Amino acid sequence: MSSLALDGGTPVRSGKPLLVETDVFEDEELQALLAVALKKKLRRAEAALDYERALADWFGAKHAIAVSNGTTALHIALAAFGIGPGDEVIVTPYTFIASDSCVMEQNAVPIFADVDPRYLTLDPADVERKITRRTKAIIPVSIMGTPVDLDPIMELARKHNLWVVEDCAQSPGATYKGKKVGTIGHVGTFSTISGKITSTGEGGFVITNDDDLYDKMWGYMDFARKRSLGAASKYHWGLPCTNYRITNMQAAIGIEQVKKMDRLIAKRNENARYLTERLKDVPGIETPQEPPWGERVYYYYAIRIRPEILGTDMLNFAVALAAEGIYDLGYLSTTRWIIPQHLQPLFLTKSGYGKTKCPFECPLYDGHVEYGPGLCPVAEQACEETFWLTSAHPLLEPGDLDDIATAVEKVATAFVAKKAAGTPIAYATAEHRAKLGPG
Ligand SMILES: Cc1ncc(COP(=O)(O)O)c(C=O)c1O
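Note that the structure is predicted; figures quoted are calculated from it, not measured.

Draft legend 1. Region of the structure containing empty space enclosed by the protein. Summed over the entire model, instances satisfying the criterion amount to 1 cavity of 30 Å³ or more. Of the volumes computed, that of the largest cavity is approximately 70 Å³. Lining the largest cavity are 13 residues; nearest its centre among them are Thr22, Val24, Lys196, Ile197 and Arg268. Split by residue class, the lining of the largest cavity holds 4 nonpolar, 6 polar and 3 charged.

Rendered as structure tokens:
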């Protein structure tokens, strides 16, 4: 194997950066966008209704509501559940911040449960330990496309009368025991920001089979208007109001994306399985796990680094891969993005809106919460070792995948050899470390 690029060798790849967030925007999307533009109806209207019908049909759900993004999708679900000040919601530390910070939008308190070490999804046993009389809901997240073990979570929900919103921003099409994720909890939420499995640039949606939750979420999406009253509901502002509407332009693109969803998912899965085949025997790394309870999809392809075999942490690994031309250091914080969410400054300092410590320290909250290291040890360890290597982007070409696999193999093999020779591996600089943020 040739020398590492960092040691003066030839990089595996030079020139063309790998795709991460490029939209799959083809002629169909362009024509759909033109059609709504020519009708001069850019705001939420018929195209949004058609998009919602297409989404509901694709998931086999009764209802779908398109919203401005995946974060607002989570918010309207919690609002419709009636979550409020003094309540607790059980969340996961191994996710994007929105899955947890959404709880604060309702002035409720996020309580972190740990994750399963193999799949990095909520561990039902720890969820159970975290339930109190204040708990009102659970937010399982099918991270990177891996379904959560939902039966035990739904069982806990039934037993303790809790709501469940599945955050499926990264996992449309994944299944749990044959059912699509998002259709098992009371509500499923999704994101269609660029780079997700389907994209409308910005956007998100909820799905539900519950008529009452549908009406409530619809209201929270659109100034607390009553869906059933149509235009006449213009002045029925009986609830806290906000505006999370999507535009007709995004919806028109979304309809075309739904038509392609099966193809986009299949291509991502094919890319990921190709990488796994190429990487499965590389020393010092573990390829992604497929859970026994369902079929995952591949939003992102993450590998687990084994520092004790490689003789280094993932930051040196990232810097070496970047020099080989297959990793963009602009995404460096994603190697630890995964700062476990309970260690984000927001929670450590218990920062609330308006310079308060509400909801964490608030007259309406009779519990006590502290966030800090040791709260979720499995997630904390996973964040040190789980490396978000590449998007499984459907437009990646075979040559791109080969470059990724060749570079990973080259770096891992070189690191193992350096470790055996007792050569220190110290490519990451203080500047690189600073980019990772606190922790
Ligand atoms: C797991 C998860 N939840 C929620 C969100 C929020 O979605 P959005 O960015 O559309 O608000 C994202 C991603 O962006 C996500 O990855």
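Draft legend 2. Looking closely at the sheet that holds strand E6 (residues 175-176). Across the sheet, 3 strands lie side by side as E7-E6-E11; this open sheet has antiparallel pairing. This sheet does not close on itself; its edge strands, each paired only once, are strand E7 (179-180) and strand E11 (294-295). Examined bridge by bridge, E6 and E7 share 2 bridges and lie antiparallel to one another. Residue pairing across strands places Tyr176 opposite Lys179, the latter belonging to E7.

Draft legend 3. Focus on the sheet that holds strand E4 (residues 135-138). With respect to topology, 7 strands assemble into an open sheet ordered E1-E9-E8-E5-E4-E2-E3, the strand pairing being mixed. Edge positions in the sheet fall to strand E1 (63-67) and strand E3 (109-112), since each has one partner strand and no second. Adjacent strand axes in the sheet meet at a mean angle of 25°, parallel and antiparallel pairs treated alike. Pairing between E1 and strand E9 (residues 204-208): 5 bridges, direction antiparallel. Along E9, the bridge assignment pairs Val67 with Gly204. Along the sheet face, helix H4 (residues 98-105) touches strand E2 (88-91), E3 and strand E5 (163-167) and points at about 145° away from the line of E3.

Draft legend 4. Molecular detail of the packing of aromatic side chains. Applying the stated criterion to the full structure yields 18 aromatic pairs. With centroids separated by 5.7 Å and ring planes inclined at 85°, the aromatic side chains of Phe317 and Phe387 adopt a geometry described as edge-to-face. Of the two residues, Phe317 sits in helix H10 (residues 314-323) while Phe387 sits in strand E13 (residues 386-391), which places them 70 residues apart along the sequence. What links up through ring pairs into an aromatic cluster is the set Phe317, Tyr327, Phe387, Phe415 and Tyr427. Stacked on the ring of Trp58, the Lys or Arg Lys180 has its end atom at 4.0 Å from the ring centre. The lysine or arginine in question, Arg296, covers the ring of Tyr298, its NZ or CZ lying 3.8 Å from the ring centre.

Draft legend 5. Seen up close, the packing of helix H2 (residues 46-59) against helix H8 (residues 248-279). Packing of H2 against H8 brings their axes to within 7 Å, and their N-to-C directions diverge by 20°. On the basis of the axis angle, H2 is roughly parallel to H8. Viewed along their axes, H2 and H8 form a crossing whose handedness is left-handed. Contacts between H2 and H8 involve Glu46, Ala47, Ala48, Asp50, Tyr51, Ala54, Leu55, Trp58 and Phe59 from the former and Asn248, Ala251, Ala252, Gly254, Ile255, Val258, Met261, Asp262 and Ile265 from the latter. Class assignment for the residues of the contact of H2 with H8 results in 13 nonpolar, 2 polar and 3 charged.

Draft legend 6. How the structure looks around H4. Counting buried positions along H4 gives 7 out of 8 residues, so the element sits mostly inside the fold. If you check which residues of H4 are buried, you get Ala98, Ser99, Asp100, Ser101, Cys102, Val103 and Met104. Buried residues along H4 sit in contact with helix H3 (70-81), E2, E3, E5 and helix H11 (345-348). The positive-phi residue at the C-terminal boundary of H4 is Asn107, with phi of around 60°.

Draft legend 7. Representation of a nonpolar patch on the surface within the structure. A contiguous nonpolar surface patch, about 380 Å² in accessible area, is contributed by Phe25, Leu30, Leu34 and Leu38. Checked against the element boundaries, Leu30 lands in helix H1 (residues 27-38). According to the relative accessible area criterion, Leu30 is partly exposed, its value standing at 38%.

Draft legend 8. Expanded view of the pairing of E5. Of all 5 residues in E5, 4 are buried, a share of seventy percent or more. By the bridge criterion, 2 bridges tie E4 to E5 in an arrangement that is parallel. Its bridge partner lying in E5, Ile138 is registered against Val164. Regarding topology, helix H6 (residues 150-160) serves as the crossover connection from E4 to the parallel E5, and that connection is right-handed. Across 3 bridges, the pairing between E5 and strand E8 (residues 187-191) is parallel. Paired with Asp167 across the two strands is Thr189, which belongs to E8.

Draft legend 9. Region of interest: the site of the ligand. Inspection of the region around the ligand gives 14 residues, with Gly70, Thr71, Asp167, Gln170 and Ser191 positioned closest. Between the ligand and Asp167 there is a distance of 2.7 Å, counted from a nitrogen atom to a side-chain nitrogen or oxygen. Separating an oxygen atom of the ligand from a side-chain N or O atom of Lys196 is a distance of 3.1 Å. Protein chains shield 92% of the accessible area of the ligand, which is 380 Å² for the free molecule. The set of elements that each furnish at least two residues to the shell around the ligand consists of H3 and H4. Among the residues forming the shell around the ligand, the class breakdown is 4 nonpolar, 8 polar and 2 charged.

How each quantity is defined
- Residues numbered from 1 in each chain as written.
- Predicted model: local features only at pLDDT ≥ 70, side-chain atom pairs only at ≥ 80, totals over all residues.
- Heavy atoms only, no water.
- 1 Å grid on protein atoms, 1.4 Å probe; cavity = no way out; pocket = protein on both sides within 12 Å on 5 of 7 lines; lining within 4 Å.
- Points joined across faces, edges and corners; volume = space filled by probe spheres on them.
- Nonpolar A, V, L, I, M, F, W, Y, C, P; charged D, E, K, R; others polar.
- Pairing = 2+ DSSP bridges.
- Helix = DSSP H or I, 4+ residues; strand = E, 2+ residues; numbered from the N terminus.
- Axes fitted to C-alpha atoms, helices over the stretch in contact; angles between N-to-C directions.
- Contact = heavy atoms within 4.5 Å.
- Phe/Tyr/Trp six-rings, centres within 6.5 Å; stacked < 30°, edge-to-face > 60°.
- Lys NZ or Arg CZ within 6 Å of the ring centre and 35° of its normal.
- Parallel < 35°, antiparallel > 145°, perpendicular 65-115°, else oblique.
- Left-handed = near helix turned anticlockwise from the far one by under 90°.
- Buried < 20%, exposed > 50% of the residue type's maximum accessible area, 1.4 Å probe, protein only.
- Patch = residues over 30% accessible without salt bridge, like charges linked within 9 Å, V, L, I, M, F, W, Y side chains within 5 Å.
- Areas by Shrake-Rupley, 256 points an atom, 1.4 Å probe, with all protein chains shown as cover.
- Salt bridge = Lys/Arg side-chain N within 4 Å of Asp/Glu carboxyl O.
- Right-handed = clockwise from strand over helix to strand, strands pointing away.
- Near = heavy atom within 4 Å.
- Polar contact = N/O pair within 3.5 Å; in protein donor to acceptor, adjacent residues only side chain to side chain.

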